Each structure stands twice: as C-alpha cells, then as structure tokens.
Amino acid sequence: MTARELDAAGVHDPALRAAYTRCRELNARHGRTYFLATRLLTPRQRPAVHALYGFARWADDIVDDLDPALAPERRARELAKLDEELSAALRTGRGGHPVVAALADTAARYAIDPAHFTDFMRSMAMDLHVTEYPTLDDLRVYTHGSAAVIGLQVLPVLDTVVPREEAAPHAAALGVAFQLTNFLRDVGEDLDRGRIYLPLDRLAAHGVDRDLLLWCRRAGRTDARVRAALRELCETTRGIYREAEPGIAMLHPVSRPCVRAAFVLYRAILDRIEAGGYAVLHRRAVVPRRRRAAVALGGLADVAASRARGALTGDLPRAPGRPQGPAGKPAERTAERTAGKTVERTEEAPRTRRRDAQRGGVLS
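What counts and how
Sequence order as written defines the numbering, with residues in each chain counted from 1. Per-residue local features of the predicted model are confined to residues with pLDDT of at least 70, and side-chain atom pairs are confined, for both listing and counting, to 80 or more; whole-chain, interface and lining totals are unaffected and use all residues. As a rule here, side-chain values come from all non-hydrogen atoms in the structure, and water together with hydrogens is ignored. To qualify as a helix, a DSSP run of H or I must reach at least 4 residues; to qualify as a strand, a run of E must reach at least 2; elements of each kind are numbered from the N terminus. For every residue, the accessible area (1.4 Å probe, protein chains only) is compared with the maximum for its type, and the residue is labelled buried under 20%, exposed over 50%, or partly exposed between those bounds. By the convention used here, residues are in contact when the closest approach between their heavy atoms is within 4.5 Å. The Shrake-Rupley method, run with a 1.4 Å probe sphere, supplies the accessible areas, and residue values consider only the shown protein chains as cover. Here the expected span of a helix is defined as 1.5 Å times the quantity of residues minus one. Here a polar contact is recorded for every N or O atom pair within 3.5 Å, except that within protein the pair must consist of a potential hydrogen donor and a potential acceptor, and residues adjacent in sequence are included only if both atoms are side-chain atoms. Working convention: axes come from line fits to C-alpha atoms, limited for helices to the stretch in contact. Angles between N-to-C directions cover 0 to 180 degrees. Here roughly perpendicular refers to angles of 65 to 115 degrees, roughly parallel to angles under 35, roughly antiparallel to angles over 145, and oblique to all remaining angles. Here a crossing is called left-handed whenever its near helix is offset anticlockwise from the far helix by less than a right angle, and right-handed whenever the offset is clockwise. When residues are sorted by character, Ala, Val, Leu, Ile, Met, Phe, Trp, Tyr, Cys and Pro go into the nonpolar class, Asp, Glu, Lys and Arg into the charged class, and all the rest, Gly among them, into the polar class. pLDDT: the predictor's confidence for each residue, scored from 0 to 100.

A separate point is the overall build of the protein. When its secondary structure is counted, the protein shows 17 helices and zero strands. Taking all 364 residues of the protein together, the buried fraction comes to 53%. Contacts in the protein between residues at least 24 apart in sequence constitute 73% of all its contacts with a sequence separation of at least 6. Looking at the protein as shown, the accessible area adds up to about 16100 Å², and 52% of this sits on carbon and sulfur atoms.

Mapped onto the secondary structure, F117 falls in helix α7 (residues 114-126). Put simply, F117 and L52 are 65 residues apart on the chain and 9.9 Å apart in space, counted from C-alpha to C-alpha. Not counting the four nearest positions on each side in its chain, F117 is found in contact with L52, L86, L90, L103, A107, I112 and Q153.

Below, the discussion takes up helix α2 (residues 14-30). Over its 17 residues, α2 runs 25 Å from end to end, which matches the ideal 24 Å to within 8%, given 1.5 Å per residue. Taken together, the buried positions of α2 are L16, R17, A19, Y20, T21, C23, R24, L26 and N27. The N-terminus of α2 is capped by D13, whose side-chain oxygen sits 3.1 Å from the backbone nitrogen of A15.

Inspection of the secondary structure puts H252 in the loop between α13 (224-244) and α14 (256-275). The class for H252 is buried, based on a relative accessible area of 5%. Distance in space between the C-alpha atoms of H252 and V162 is 8.9 Å, their sequence separation being 90 residues.

Moving on: the packing of helix α9 (residues 164-185) against α13. Where α9 meets α13, the axes come as close as 8 Å, and the angle between the chain directions of the two elements is 160 degrees. Comparing their axes, α13 and α9 come out roughly antiparallel. The handedness of the crossing between α9 and α13 is left-handed. In this structure, α9 contributes H170, A173, L174, V176, A177, F178, L180, T181 and L184 to the contact, and α13 contributes L230, L233, C234, T237, I240, Y241, E243 and A244. Looking at the contact of α9 with α13 residue by residue, the classes come out as 13 nonpolar, three polar and one charged.

Here we come to the confidence of the model for the protein. This prediction gives the protein a mean pLDDT of 82; 76% of its residues lie at or above 70. Between the elements of the protein, mean pLDDT differs from a low of 33, seen in helix α17 (residues 350-358), to a high of 98, seen in helix α11 (residues 200-204). Counted against residues more than four places away or in other chains, residues 323-364, with its pLDDT under 50, gives 58 contacts.

So this is what it looks like as structure tokens:
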C-alpha cells in the first residue's frame with residue numbers, strides 16, 4: 001500500500017497502515033484480475049477494497065491452501081478462531097491480526113452490514129464438509145455467502161448514483177458471475193481437493209458424473225459429454241453477467257472503470273474456456289496478458305476522464321466516515337485534498353501511465 005493511498009483514505013495510524021499494506025500484498029500475489037481492476041479506483045478507495053478482498057483470501061486460505069496434511073478438524077478450529085476474532089473486531093473496531101484489523105476499520109468507515117460477513121463465514125465453513133451440490137439452487141446457497149455478499153460489501157466503497165438498494169442486486173449478481181466463472185475455470189483443481197462446484201443435476205443431464213470428471217483429469221483429456229455440460233453452464237453464467245451489467249452504470253462514475261474492467265476480463269475467461277474446447281480439467285483458461293493490458297489502457301483513459309470531470313465538478317466519492325486525521329484535521333478534508341492531487345497527476349502524466357501498463361507495471 002502506498003503512502004499516497006493510505007493518506008487519501010484517511011488511514012494515519014501506523015499499525016493500521018501496516019495492516020492495509022498486508023491486505024494489498026495478499027491481493028497482488030493471489031488475484032491478478034482483481035488487483036489490476038483495483039488500480040483503476042481512486043487512491044482513497046483502494047485500501048478498503050484491498051481489505052475486503054484480503055480478508056476473503058485469508059479465510060479461503062484456511063479452508064484450501066494451508067498444509068494439505070492438516071486434518072479437517074484443525075481447519076475447522078482455525079476458521080472458528082477467525083470467526084470469533086472477526087465478530088469481536090466488528091464490535092470494537094479493532095482486530096489482533098492485521099487482515100482482521102484492516103477489515104474492521106473498513107467496515108466501520110463504510111458502515112458495511114455485519115450480516116454480509118456472517119454469511120461469508122458460513123459459506124467458508126461449508127467448504128469444510130460439503131463436497132458437491134445437487135442443484136444450481138443448492139449451489140446458490142453457497143455462492144450467496146462466498147460471492148454475492150462480496151459484491152454487497154464493496155458497494156458502499158464504490159458508491160452509487162442511485163439508491164444503494166437499487167444497485168445491490170446487480171452487485172450481488174456480479175459477485176456470483178465471477179465465482180461461477182472461477183468454478184468453470186478451476187474444475188480440475190477443485191477435483192483435486194475432492195470438491196465439485198458444478199450442479200450435479202446439470203452434469204447428469206449430459207451423462208457426466210464425478211467418475212467421468214476424474215477420468216478426464218487423470219487422462220488429460222476431455223469428453224463430448226463434459227463439453228456439452230460445460231457449454232450449458234457457461235451460458236448460464238453469461239446470463240448472470242447480463243443480470244449484473246446494468247449495475248455498472250449505477251455506480252459512481254469514478255468507480256465504473258474498475259468494475260467494467262473486472263467485468264470484461266472475467267467474462268473473457270468464458271471465451272477462453274470455449275475457445276479451448278472446454279478442456280478445463282487438465283489446463284487453466286487464462287486471458288492473455290496483451291488482452292489484460294488493452295483493457296487496462298482503456299480503463300486508465302476512462303479514469304482520467306472521470307477524475308478530470310470530478311476535479312471540475314467536485315464529483316468524487318463520499319469520504320469514509322472515520323473521525324480525525326493528523327493534528328486534528330478531519331480525515332474527509334485530507335482525503336479530498338489528496339484526491340485532488342491525484343487528478344492533477346492523472347492529467348499531467350498519461351503517457352507515463354500508458355507506458356507502465358504496456359510494460360506490465362499495472363498488471364503485476
């Protein structure tokens with residue numbers, strides 16, 4: 001996390017600054033698409049988004065990415081411990097672990113509904129004992145907590161030009177679309193963990209079961225039945241993207257380039273899956289770096305235009321509701337002044353930003 005971003009966000013406490021920086025590191029390491037899209041937000045918004053996604057990644061790591069030799073009981077204890085610490089942090093505004101501390105601070109600043117975090121932790125706990133989902137409706141119970149609420153958590157940070165409840169269903173749908181895309185891309189990796197995140201009834205309608213998926217994974221081959229099932233599920237996911245898309249125009253103008261970039265890049269994963277013949281059981285569908293760079297450049301142009309308009313009209317996202325900045329200065333005023341400097345930099349150095357994008361600087 002850069003000092004400029006933290007200053008813009010009104011985060012001045014050294015421990016909190018370190019906590020937010022830890023969240024940014026998690027996102028930079030694990031989520032290339034999300035991290036790239038976040039670079040298109042205003043400096044004021046980035047720390048909060050890193051905190052929300054950083055916490056989600058931390059919880060997911062407990063469930064999936066720790067030492068595979070750890071027994072499920074150990075994972076359950078670790079997740080329960082995190083849940084307890086999260087609950088206490090949301091009550092007090094302070095957390096012992098840096099990721100929890102940053103999340104609690106963000107939740108307080110943006111008055112994020114604590115129920116969203118409760119629902120998220122419930123879905124994480126499901127991963128400890130649920131290995132498959134009979135129907136799409138069953139899967140939606142899981143994705144509500146693991147994905148839809150992420151969209152709802154981020155919405156106050158992005159801000160809206162309509163009543164928030166009007167934009168909320170679209171934000172939730174986008175979270176689900178992103179996660180279903182991940183499920184389609186990562187079928188093979190999820191099988192290695194013993195899980196199937198594709199609805200079994202949709203698979204069975206095409207003659208696909210766990211044994212066939214495992215055979216394809218081991219053999220490094222695909223099958224016509226698997227291709228047909230994945231084709232249908234890709235179309236289902238595209239339908240959810242269509243549900244989500246109107247919500248982009250409901251966001252604050254400076255937030256739209258970020259969400260549009262994530263929307264375009266994640267939906268493009270479906271194109272790559274289709275172009276690869278749905279052979280996702282033995283190789284990962286990846287959007288080419290050149291395509292990601294092109295989307296980033298387009299997003300940067302939109303950002304420059306939005307921020308230039310904001311500089312002239314005062315049209316900037318509402319400042320977080322945390323109290324005093326340094327020396328008794330209101331955090332809101334400090335953030336606005338820093339945001340104004342950001343606009344000036346964007347207007348003065350577009351060539352530098354474009355050059356950074358072309359050589360991969362914003363894609364790391």
